[in-house]
Amino acid sequence: MRVRRCTHVVLEPRESVSFDIAALLRGRAAADSRFEWVAFASHLDGPVAVDEAARDLLGSISARRWSERPQPDPHAATVSALVECGLLLADTTGHHGMRDRDETLRDANWWSLTAIAHRHSRWAGVDSVSDMRAQGLDTATGLRATLGPPPPSVLPLAGLYQPLPQQGADAFDQLLANRATCRNFDQDKPLELPLLAQLLQRTVMAHAEVRIDPETVFLKKNVPSGGGLHPTETWLLALRVEGLAPGFYHYHPVQHALLPRPSPAPETLAELARRMLSGQEWFADAPALLILAPRFERSFWKYRNHAKAYRAVLLDVGHISQAIYTSATAAGLASFVTAAINEEEVDRALGVDGAGQGAVAICGVGWRAAEQVTAEFDPPRHRPG
Ligand SMILES: Cc1cc2nc3c(=O)[nH]c(=O)nc-3n(C[C@H](O)[C@H](O)[C@H](O)COP(=O)(O)O)c2cc1C
């Protein structure tokens, strides 16, 4: 058997503190610290505890080339434990699953630390709403009581600021000011397909193509994109869109067209939307969800193993979400964006692997409900729609 180390791995020294309750009751501070090394790899679902022998062995095996183990192998037990957990990869047929996952990441040209941060910040089965409520962090007063005051909202520097002229508000100012995150969608009012189509046209449709050769094409869109690569794809989960069967669709930005994708039974979609949105029912009520899922490998084709590439991709997604907000507001629609999503469930539903392509944020659009049940942040009470 030949082995190699996985492509991206970092080791973290971890300290866990436990208390001796009996000693505490006797009035003695009795905290015990336990130290261990944990390994984070970009192709593994969670951290793996490693002992010193495993840590040292990992540091002595190449990630670039396969090496034959000596026979007999003085570290045979450590090698097989590391192969078992996936930190070492073996060239034998039984271990191709881990190898394939690792090679997908390597071939997508991820920079090590962002690959690891991306993998280990993805959620599965998180209910962010009950987690926040349990910690008392779901209201501004709860945040203040639990966390103390935040850093100031504005931090002026010492000196005299030169006042700037303010122009009278025109229609564009009004449009910008009307934008607000909607957490109260009208559940009885479906979204009309022409309105959804117009929103996609204004935000993620390509209005020009630059063809260098048949395999090298760049798109021009209304939103900017790092390197002009436009790696982010838009997937639609139609829940209540007139003229569209409920389910998942992939948006084609050049054809301006939707492709129906395999979808679970319509009656299960509302619950799936709630899970994808980590329990945020106020967003799951939107009739149309737009899932923004970059193809990282397209961006990393240019920015290979690049420390800034992941940041640029996330910024791209932010630009798209702002364009969605603005376009929705212009059409009298309400909208939102959230990054608090269970990426693993979303990626599974889309049929993407999370490494070459993965969901980063979900936007929603629809009609605002007459009544506000969930709090929104709209101090001047602009009510679009
Ligand atoms: C990147 C990003 C992530 C957000 N995630 C959430 C979220 O998970 N849940 C939520 O209710 N609002 C979310 N929001 C909306 C913000 O809470 C909202 O923008 C903020 O409260 C200000 O309100 P406004 O958008 O109406 O001005 C998010 C906004 C952004 C830009």
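Residues numbered from 1 in each chain as written. Predicted model: local features only at pLDDT ≥ 70, side-chain atom pairs only at ≥ 80, totals over all residues. Heavy atoms only, no water.

K.L.:
It is not clear to me how the overall build of the protein should be interpreted in this structure. Could you clarify?
P.N.:
Regarding its fold elements, the protein presents 14 helices and 16 strands. Considering only C-alpha atoms, the protein reaches an extent of 80 × 70 × 55 Å along its principal axes. A burial count over the protein gives 41% of its 385 residues as buried. For the protein, restricting intrachain contacts to residue pairs at least 6 apart in sequence, the fraction spanning at least 24 positions comes to 72%. (Helix = DSSP H or I, 4+ residues; strand = E, 2+ residues; numbered from the N terminus. Buried < 20%, exposed > 50% of the residue type's maximum accessible area, 1.4 Å probe, protein only. Contact = heavy atoms within 4.5 Å.)

K.L.:
Explain the pattern of salt bridges here, please?
P.N.:
Side-chain pairing between opposite charges can occur once the charged atoms of the two side chains come close. As enumerated under the stated definition, the model contains 20 salt bridges in all. A salt bridge links R4 to D102, with the shortest nitrogen-to-oxygen separation between them at 2.9 Å. Pair noted here: R4 is in strand β1 (residues 2-5) and D102 is in helix α4 (residues 96-107), with a separation of 98 residues, a long-range link. Taking the relative accessible area as the measure of exposure, R4 reaches 1% and is therefore buried. In this structure, E12 engages R14 in a salt bridge whose closest nitrogen and oxygen atoms are separated by 3.3 Å. Accessibility expressed as a relative area gives 32% for R14, which makes it partly exposed. Taken together, the salt bridges that share partners define one network made up of D127, E271, R274, R275 and E345. (Salt bridge = Lys/Arg side-chain N within 4 Å of Asp/Glu carboxyl O.)

K.L.:
Is there a simple way to think about the nonpolar core in this case?
P.N.:
Burial of nonpolar side chains together is a common tendency in soluble globular proteins. Among the nonpolar cores identified, the biggest contains 38 residues, and W110, L191, L196, L236, L290 and V365 are the most heavily contacted of them. Secondary-structure elements contributing two or more residues to this core are α9 (193-203), β10 (232-238), β12 (247-252), β14 (288-294), α12 (296-302), α13 (309-330) and β16 (361-366). When near neighbours in sequence (up to four residues on either side) are disregarded, L290 contacts L196, L199, L200, T234, W235, L236, I324, A361, I362 and C363. Of all hydrophobic cores here, the second largest spans 28 residues; its members include F185, L237, L239 and A284. (Core = buried A, V, L, I, M, F, W, Y, C linked by side-chain atoms within 4.5 Å.)

K.L.:
So what exactly am I meant to see when it comes to the packing of α9 against α13 here?
P.N.:
Helix-helix packing: each pair is described by the crossing angle between the helix axes and the interaxial distance. Following both chains from N to C, one finds α9 and α13 inclined at 135°, their axes separated by 9 Å at the closest point. In terms of orientation, α9 lies oblique with respect to α13. Like other packed secondary-structure pairs, α9 and α13 cross with a definite hand, here right-handed. Where α9 approaches α13, its residues L199, R202 and T203 are matched on the opposing element by A323, I324, S327, A328 and A330. Grouping the constituent residues of the contact of α9 with α13 by class yields 5 nonpolar, 2 polar and 1 charged. (Axes fitted to C-alpha atoms, helices over the stretch in contact; angles between N-to-C directions. Parallel < 35°, antiparallel > 145°, perpendicular 65-115°, else oblique. Left-handed = near helix turned anticlockwise from the far one by under 90°. Nonpolar A, V, L, I, M, F, W, Y, C, P; charged D, E, K, R; others polar.)

K.L.:
Could you clarify how one ought to interpret the confidence of the model for the protein in this entry?
P.N.:
Residues with a pLDDT of 70 or more make up 98% of the protein, whose mean pLDDT is 95. The weakest mean pLDDT in the protein belongs to helix α1 (residues 21-25) at 75; the strongest belongs to β14 at 99. (pLDDT = per-residue confidence, 0-100.)

K.L.:
Mind showing me how you'd approach the sheet that holds β12 here?
P.N.:
Strand-to-strand pairing in sheets goes through backbone hydrogen bonds, with the strands running parallel or antiparallel. Taken in spatial order, the 6 strands line up as β13-β12-β10-β14-β16-β15 in an open sheet, and their pairing is antiparallel. Because the sheet does not close on itself, it has two edges, and the strands there are β13 (257-260) and β15 (334-338). Taken over all neighbouring pairs, the strand axes of this sheet differ in orientation by 25° on average, direction set aside. As defined by bridge partners, β10 adjoins β14 across 7 bridges and the pair is classed as antiparallel. Bridge pairing in β14 places T232 opposite P294. Against the sheet, α13 makes contact with β10, β14, β15 and β16, and its axis sits at roughly 165° relative to β15, the strand it touches most. Sheet strands touched by helix α14 (residues 343-350): β10, β12, β14 and β16. Its angle to β14, the strand with the most contacts, is close to 95°. (Pairing = 2+ DSSP bridges.)

K.L.:
Is there a simple way to think about the pairing of β10 in this case?
P.N.:
Consecutive side chains along a regular strand alternate between the two faces of the sheet. Taking burial as the measure, the 7 residues of β10 include 7 buried ones, the bulk of the element. Burial along β10 is two-sided: T232, T234, L236 and A238 facing one way and E233, W235 and L237 facing the other are all buried. Both β10 and β12 contribute to a ladder of 4 bridges, which runs antiparallel. Residue L237 lies in a different strand from β12, and its bridge partner there is F248.

K.L.:
Explanation requested: the sheet that holds β1 in the structure shown.
P.N.:
With antiparallel pairing, the 3 strands of this open sheet are ordered in space as β5-β1-β6. The sheet is open, and its two edges are formed by β5 (67-68) and β6 (88-90), each paired on a single side. In terms of strand pairing, β1 meets β5 through 2 bridges, oriented antiparallel. Residue pairing for β5: R2 is matched across the bridge by E68.

K.L.:
I'm lost on the site of the ligand in this one. Help?
P.N.:
As a matter of local geometry, the ligand sits amid R179, A180, T181, R183, Q280, W282, F283, V337, T338, A339, A340 and F377. F377 places a polar main-chain atom, nitrogen or oxygen, 3.2 Å from an oxygen atom of the ligand. Considering the ligand on its own, with 610 Å² of exposed area, one finds that the protein chains cover 59% of that surface. Secondary structure elements with two or more residues in the shell around the ligand: α11 (281-284) and β15. (Near = heavy atom within 4 Å. Polar contact = N/O pair within 3.5 Å; in protein donor to acceptor, adjacent residues only side chain to side chain. Areas by Shrake-Rupley, 256 points an atom, 1.4 Å probe, with all protein chains shown as cover.)

K.L.:
It is not clear to me how the environment of I320 should be interpreted in this structure. Could you clarify?
P.N.:
Structurally, I320 is set in helix α13. Judged by its relative accessible area of 6%, I320 falls in the buried class. Expressed as a C-alpha distance, the spacing of I320 and C363, which sit 43 residues apart in the sequence, is 9.5 Å. Dropping the residues within four chain positions of it, I320 is found in contact with V204, V223, T232 and L292.

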